[in-house]
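Observations on the three-dimensional arrangement
Listed here are the chains, written in short residue letters.
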2 protein chains.
Amino acid sequence: MFYLKNKFMQQSFKYSALLFIVLTVIVFGCKQPQTKTNETEQETAVSKDPLPSWKEGTSKKSIIDFVTKTTREGSADFVPVTDRIACFDNDGTLWSEKPLPFQLYFMIDRIKAMAPQHPGWKTKQPFKGILEGDLKTALSGGEKALLEIAMATHAGMTTDEFDKSVKEWMATATHPKTGRHFNEMVYQPMLELLDYLRANGYKPFIVSGGGIDFMRVWAEEAYGIPPYQVIGSSVNMKYDTTLKPPALVKLAELNFNDDKLGKPVGIQQHIGKRPVFTGGNSDGDYAMMQYTSTGSGPRFGLFVHHTDSVREFKYDREPGLARLNNGLDDAKKYNWVIVDMKTDWKKIYPFEK
Amino acid sequence: MFYLKNKFMQQSFKYSALLFIVLTVIVFGCKQPQTKTNETEQETAVSKDPLPSWKEGTSKKSIIDFVTKTTREGSADFVPVTDRIACFDNDGTLWSEKPLPFQLYFMIDRIKAMAPQHPGWKTKQPFKGILEGDLKTALSGGEKALLEIAMATHAGMTTDEFDKSVKEWMATATHPKTGRHFNEMVYQPMLELLDYLRANGYKPFIVSGGGIDFMRVWAEEAYGIPPYQVIGSSVNMKYDTTLKPPALVKLAELNFNDDKLGKPVGIQQHIGKRPVFTGGNSDGDYAMMQYTSTGSGPRFGLFVHHTDSVREFKYDREPGLARLNNGLDDAKKYNWVIVDMKTDWKKIYPFEK
């Protein structure tokens, strides 16, 4: 978060989801994660070690014990296949989110790419700041500035045009620290967890503050999670029959903010069932985790704790978009597993040797 | 439509979806449709006649030809499994909708059941009319009255409480003409079509003006369509942490009207892909059908045409909630198949001998 300091970061944004709108990344054209299983080709056999990038320890054991007991016929904790709903946050849970949420890089790059068609942006904040590389000034306008940037890059076009812009960006843009395409910066242990859950009849959904349509473009390739299992923040849309062919136009109006207390609501709107297994990494996921863990019967919640400043990024309780504070405080109360990235994960990214 | 005549029926309701909120019906406790295939147990073998309740003819041949050509590897019209999205309206497409949309019977019965807790309803329309069996007067208040009835029965409670009310109703209420439970009045040929599509890698979704949470309670049992593949109209919700356990409360505010131009929007919000195969039965489905059929590559659209006054109900162009007028006019333009229930279907309901 080195670009964003002080009051901007410390505000509680009604539209903080819009930052996250830009948060996830993908792959058309990139190497597939090594263990991805297509949803339509579920594996039924469980390999000897289903989580090879997880070190032996409490976190790994808790996961395997839970999956085993909920899928063994006759077990007191058996969960029918139709109820095996798993929900995962995306930013910081399935892929990295530092130094800035990845979807914000998309927005910045899109503003630059779209600038020739918008000559007025040269003199108008927040666009001026972005075009001049002065992100601090650009974002000093807070929520309003962020919303302007989000809407300029996520609305006023058809869904197909938006998808194309995400695909093109993902194929070319790279992360400032690793130099990797953003969709390569997914967590290998979490890919294995997704596969392990699918192999055991769980259906994983993404439940993210990020933009639903932004994530859908690359989530199937990156995680094996199809578009209809992606839940996120969204703008309103209009079915426009004056276009040929008729198409859906994204409007510059927020439809749904899939963050914090919004996550359980998004889960109900899209899934219609209380999840059994949930993973998150920040207090933005607290409500979704609590909603899961207070359901009757066996429930599992895990927080990915960012403890590795060398291989990834280290952050938790400091104020900011990705703060994990209440989640740590209440982990014991809800029996949440705190996954220590530094000690629990042998490998962070698939590209590591 | 014998209860509802004149101007009430002829109005174009902004909230007509709310009528449909009550439209579909299910089964906990009822006999399963004979051919239902669970989504999680997809069949891969195709029986000799996959559509035994469909008479040989243009409609049946069109369906089989389309599915065959889009699933044969190497075919110019091959559609990858991940794109095999099928969308079906519910009321009048998968189950009956006359003399009143079934969800409206739910609302009426719920008002009666809830009346002891609402003594004021005895003297206040539209509740007074419903309690006295005078539906005409109750609904003479038009859209506003309908909305009041819908919200009284669909909001102000948790999602679990609402689900319970639907389950109980479905297990006990019966249709005024057939005497059957409402969830028995599903169309056998459409159940076979759903199975046939699933067996060929298509993923069927419900896209209905009816209430999303109303349908979810019984759609999996009736059609093999799980809750996360049901799209419908909805109210806003609030995640209420003051309840023990925390739960989602349904609010008396319309969130989304999944009808007419809303259907393509609902499809994008929930699925994120343009469908390949779509079925409907009224002009409320026109936009969804058009959205499907104007996509590139092979697309299929069918309208169920209610032509059988003896075995089901006969209606099409007359004004009303379930009007099929523009759809018939433009069927040739979009290459839509008009399924003649009287001549194309050997059997309407599973319970027929």
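As a starting point, this report considers the structure included with it.

Reading the values: the criteria
Residues numbered from 1 in each chain as written. Chains lettered and ligands numbered in written order. Predicted model: local features only at pLDDT ≥ 70, side-chain atom pairs only at ≥ 80, totals over all residues. Heavy atoms only, no water. Helix = DSSP H or I, 4+ residues; strand = E, 2+ residues; numbered from the N terminus. Buried < 20%, exposed > 50% of the residue type's maximum accessible area, 1.4 Å probe, protein only. Contact = heavy atoms within 4.5 Å. Areas by Shrake-Rupley, 256 points an atom, 1.4 Å probe, with all protein chains shown as cover. Axes fitted to C-alpha atoms, helices over the stretch in contact; angles between N-to-C directions. Parallel < 35°, antiparallel > 145°, perpendicular 65-115°, else oblique. Left-handed = near helix turned anticlockwise from the far one by under 90°. Nonpolar A, V, L, I, M, F, W, Y, C, P; charged D, E, K, R; others polar. Least-squares fit on C-alpha atoms with pLDDT ≥ 70 in both.

Quick look at the overall build of chain A
Scanning chain A for helices and strands turns up 15 helices and nine strands. For chain A, with 353 residues in total, the buried portion stands at 63%. Sequence-distant contacts, at least 24 apart, represent 72% of the contacts inside chain A between residues at least 6 apart. Element-wise, carbon and sulfur atoms account for 51% of the exposed surface of chain A, whose accessible area totals about 13,600 Å².

Focus on the environment of Lys 260 of chain B
Turning to its location among the elements, Lys 260 of chain B is positioned in the loop between strand E5 (247-256) and helix H11 (262-270). Linking Lys 260 of chain B and Gly 209 of chain B, residues 51 residues apart in sequence, is a C-alpha distance of 8.2 Å.

Points about the packing of helix H3 (residues 58-71) of chain B against helix H9 (residues 188-199) of chain B
Residue and element names in this part refer to chain B. Where H3 contacts H9, the two axes come as close as 11 Å, and the packing angle between them is 15°. On the basis of their axis angle, the class for H3 and H9 is roughly parallel. Relative to H9, H3 is oriented so that their crossing is right-handed. Here H3 contributes Ile 63, Ile 64, Val 67 and Thr 68 to the contact with H9, which in turn contributes Leu 193, Tyr 196 and Leu 197. Taken together, the residues of the contact of H3 with H9 break down into six nonpolar, one polar and no charged.

Some points on the relation of the copies chain B and chain A
Overlay of chain B on chain A (RMSD 0.0 Å): rotation 180°, translation along the axis 0.0 Å. Read as a symmetry element, the transformation amounts to a two-fold axis. The rotation axis passes nearest to the C-alpha of His 270 of chain B in chain B, at a distance of 3.3 Å. Most of the interface of chain B is mirrored in chain A: 100% of its interface residues are interface residues there too.

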